[in-house]
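Remarks on the overall topology
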Amino acid sequence: MSTPTLYDLSPALRLMFMGLAVALGPLAWVWVRNKNAPLAQRLRVLTLVTLFLTFDLVIFGAFTRLTDSGLGCPDWPGCYGSASPVGARMHIDAAQSAMPTGPVTHSKAWIEMIHRYLATGVGVLILVLTFSAWIAFRDERRTPQGEKRGAQISPWWPTVTLLWVCLQGAFGALTVTMKLFPAIVTLHLLGGLVLLALLRAQSVRYGLLEEKSAATRTPLSTGTRIFVIAAFALLWLQIALGGWVSTNYAVLACTDFPSCQNSLWPAMDFKQGFTLWRELGAGHDGANISFQALTAIHYVHRLAAYLVFAVLLALAFSLHRVPAFRVQARWLAGLTLLQAATGLSNVVLGWPLVAAVAHTGGAAALVVVLTGVIFSSRSILETAPASKLKA
């Protein structure tokens, strides 16, 4: 069996058409339902639809990783030079015959390619968002000064999002061509969550434009807002640790709770476990990674989870006292409890697929909720009269 070329761009155009087909349905729905709506509302709805599909993409990416389908098509962007596994049937048959449970099977190839189709569709939607924002920005600048202008739409947020999704695509290619290199796979996961945060920030901004003024942002005390931002930063650190656990397949290094290997401080190799630039399954010296290193990866994530759990529940309690954020506070508390439940079930139930995928989904939802809180709020000091500030 011949080894496929890692980068084969010949099916790229056909893959783009598949992405366009995925995007046409949401685009048509947004157009039909909002064709007479103000521009800011249309952009907000399209951004929310893109956010929903991006969330699905993150979930399906977790499913792809957890079913070991990341190398289902060992080249990029197609599958053995074809736009779908149908055209690669002969190559997949040969690979599956050589290794029946190996990285390349028909089911894994389809899972991998569906993930790529969905990612391309999200890219098309973000391209449309960027194009629409620049047209709106140009039209607003051409409005004569004597005429009434609406709230200005900034094209820079969707432009940054478009650049980010291109970077995310590059990491997706490296995930395949570098054979699931743990650092690349973890960065690819984090990049998908950054994309969610960018889209959520834009949906909030468009909502404020519909209300004609950014002053409609909910005021929070300076201390509470700092608490939100600090919890958000802590959440990102915990997600990075969780991604490192998943991409190194270290979940089952500890199969008991609250102890690990019948000890509250098991034998761990932090140096080898947290050597970031290394191949999958290899240590810092190139040899097979030790079980003590996998234990260190798992246990650091578990210890950090205790802190993050307490911080997020405390933040939910604090936000619940603000009437405008009670819904977000309930979501925050519910998702935090869900993360605890799915994380615990991954350990004691042997990493079931449903719980593992739900754990990634819960982390993504927490990012969306906290991003919304940050961008829909402002410090209460911003509205304080100057006389009071001087006093």
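I will try to describe carefully the structure that is included in this document. Since the model is a prediction, treat every value here as computed from it, not as a measurement.

Looking at the overall build of the chain
A count of helical and extended segments in the chain gives 12 helices and 4 strands. Against the 2.2 N^0.38 benchmark of 21 Å for 391 residues, the chain shows a C-alpha radius of gyration of 23 Å, consistent with a compact globule. Considered along the principal axes of its C-alpha atoms, the chain spans approximately 75 × 55 × 30 Å. Counting only residues that meet the buried cut, the chain has 50% of its 391 residues in that class. Residue pairs in contact within the chain that sit at least 24 positions apart in sequence constitute 77% of those at least 6 positions apart. Of the roughly 19,000 Å² of accessible surface on the chain, a fraction of 68% belongs to carbon and sulfur atoms.

Focus: helix 6 (residues 182-210)
Under the 1.5 Å per step criterion, the end-to-end length of helix 6 is 43 Å for 29 residues, consistent within 8% with the ideal 42 Å. With 24 of 29 residues buried, helix 6 lies mostly within the body of the structure.

Observations regarding the pattern of salt bridges
Here the structure, examined in full by the defined rule, presents 1 salt bridge. We note a salt bridge from E112 to R116, for which the minimum N-O separation is 2.8 Å. With a gap of 4 residues between them, E112 and R116 both fall in helix 4 (residues 106-142), about one helical turn apart. In terms of burial, E112 and R116 fall into one category: buried.

Cut-offs and rules
- Residues numbered from 1 in each chain as written.
- Predicted model: local features only at pLDDT ≥ 70, side-chain atom pairs only at ≥ 80, totals over all residues.
- Heavy atoms only, no water.
- Helix = DSSP H or I, 4+ residues; strand = E, 2+ residues; numbered from the N terminus.
- Rg over C-alpha atoms; globule rule 2.2 N^0.38 Å.
- Buried < 20%, exposed > 50% of the residue type's maximum accessible area, 1.4 Å probe, protein only.
- Contact = heavy atoms within 4.5 Å.
- Areas by Shrake-Rupley, 256 points an atom, 1.4 Å probe, with all protein chains shown as cover.
- Expected span 1.5 Å × (residues − 1).
- Salt bridge = Lys/Arg side-chain N within 4 Å of Asp/Glu carboxyl O.

Shape is all these values report; function is a separate question.
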